[in-house]
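Structural overview
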Amino acid sequence: MLEQILSRYPQDRTSLVMILQDLQSEFGYLPQDALEEISTRLEISRAQVYSVATFYNVLSLKPRGRHLIRVCMGTACHVRQGSLILAAAERELGIKDGETSADGEFTLQSVGCVGACAIGPVVEVDEEHFGHMNVQKMSRLIRKIKKRAASDTTSAGEERS
Ligand code: FES
């Protein structure tokens, strides 16, 4: 798979971000051995590869859950109860900021400004924005996603049987 991704781009440093994005969407994260291979092939130091890999919120060095829940903690959202919203998400999901649930369904992440301050506080779920959040709305939203995820699993199971 990595070979396929590498073959799409020129083998130099200008391709690094695009290669990492493709790797992220294929694997759901950036495997360490792939990052080392990229460093060798593009002739960029490992430190530089890791610095790009950790700079962008969309990239992750750890496997992520099927659903990615991001709570904006940029200044505009933070002052409007961003941390209470994050705490509500942690409670509902039973995980802490930066963790993935044991069933691999959810990853929770606090992030910097997502560029939608006017509708803050903002939460992103799988890249969909939810604005004007509060603690109650956060809890309801997570319960709704959990319910949908459970019914997706059930119907996938029924289709297989
Ligand atoms: S601070 Fe949250 S969207 Fe800008």
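A brief report on the enclosed structure follows. This structure is a prediction, so every number in the text was calculated from the model and none was measured.

A look at the nonpolar core
In this structure, Leu 16, Ile 19, Leu 20, Leu 23, Leu 30 and Ile 38 are the most contacted members of the largest nonpolar core, which totals 18 residues. The residues touching Ile 19, leaving out its near neighbours within four places in the chain, are Ile 5, Leu 6, Tyr 9, Ile 38 and Leu 42. Judged by nonpolar contacts, the second largest core, of 17 residues, contains Ile 85, Leu 108, Met 133 and Ile 145.

Considering the packing of aromatic side chains
What describes a pair of aromatic rings is the distance from one ring centre to the other and the angle between the planes of the rings. The full count for this structure, using the stated rule, is one aromatic pair. Taken together, a centroid distance of 5.0 Å and an interplanar angle of 90° make the contact between Phe 55 and Tyr 56 edge-to-face. Taking the relative accessible area as the measure of exposure, Phe 55 reaches 61% and is therefore exposed. Of the residues examined, Tyr 56 reaches a relative accessible area of 35% and is grouped as partly exposed.

Focus on the pairing of strand β2 (residues 106–111)
Counting buried residues in β2 gives five out of six residues, a clear majority hidden from the surface. Across six bridges, the pairing between strand β1 (residues 67–72) and β2 is parallel. Residue pairing for β2: Arg 70 is matched across the bridge by Gln 109.

Some remarks on the sheet that holds strand β4 (residues 128–130)
The pairing of strands in a sheet happens through backbone hydrogen bonds and is either parallel or antiparallel. With respect to topology, four strands assemble into an open sheet ordered β2-β1-β3-β4, the strand pairing being mixed. Across the chains shown, the open sheet's two edge strands, defined by having one partner strand only, are β2 and β4. Going from strand to strand, the sheet's axes swing by 20° on average, the running direction of each strand aside. Relative to β4, strand β3 (residues 123–125) runs antiparallel, the two sharing three bridges. Opposite Glu 124, over in β4, you have His 129 as the bridge partner. Its contacts with the sheet put helix α5 (residues 75–93) on β1, β2 and β3, and the angle it makes with β1 is roughly 150°.

Scoring rules and cut-offs
- Residues numbered from 1 in each chain as written.
- Predicted model: local features only at pLDDT ≥ 70, side-chain atom pairs only at ≥ 80, totals over all residues.
- Heavy atoms only, no water.
- Core = buried A, V, L, I, M, F, W, Y, C linked by side-chain atoms within 4.5 Å.
- Buried < 20%, exposed > 50% of the residue type's maximum accessible area, 1.4 Å probe, protein only.
- Contact = heavy atoms within 4.5 Å.
- Phe/Tyr/Trp six-rings, centres within 6.5 Å; stacked < 30°, edge-to-face > 60°.
- Helix = DSSP H or I, 4+ residues; strand = E, 2+ residues; numbered from the N terminus.
- Pairing = 2+ DSSP bridges.
- Axes fitted to C-alpha atoms, helices over the stretch in contact; angles between N-to-C directions.

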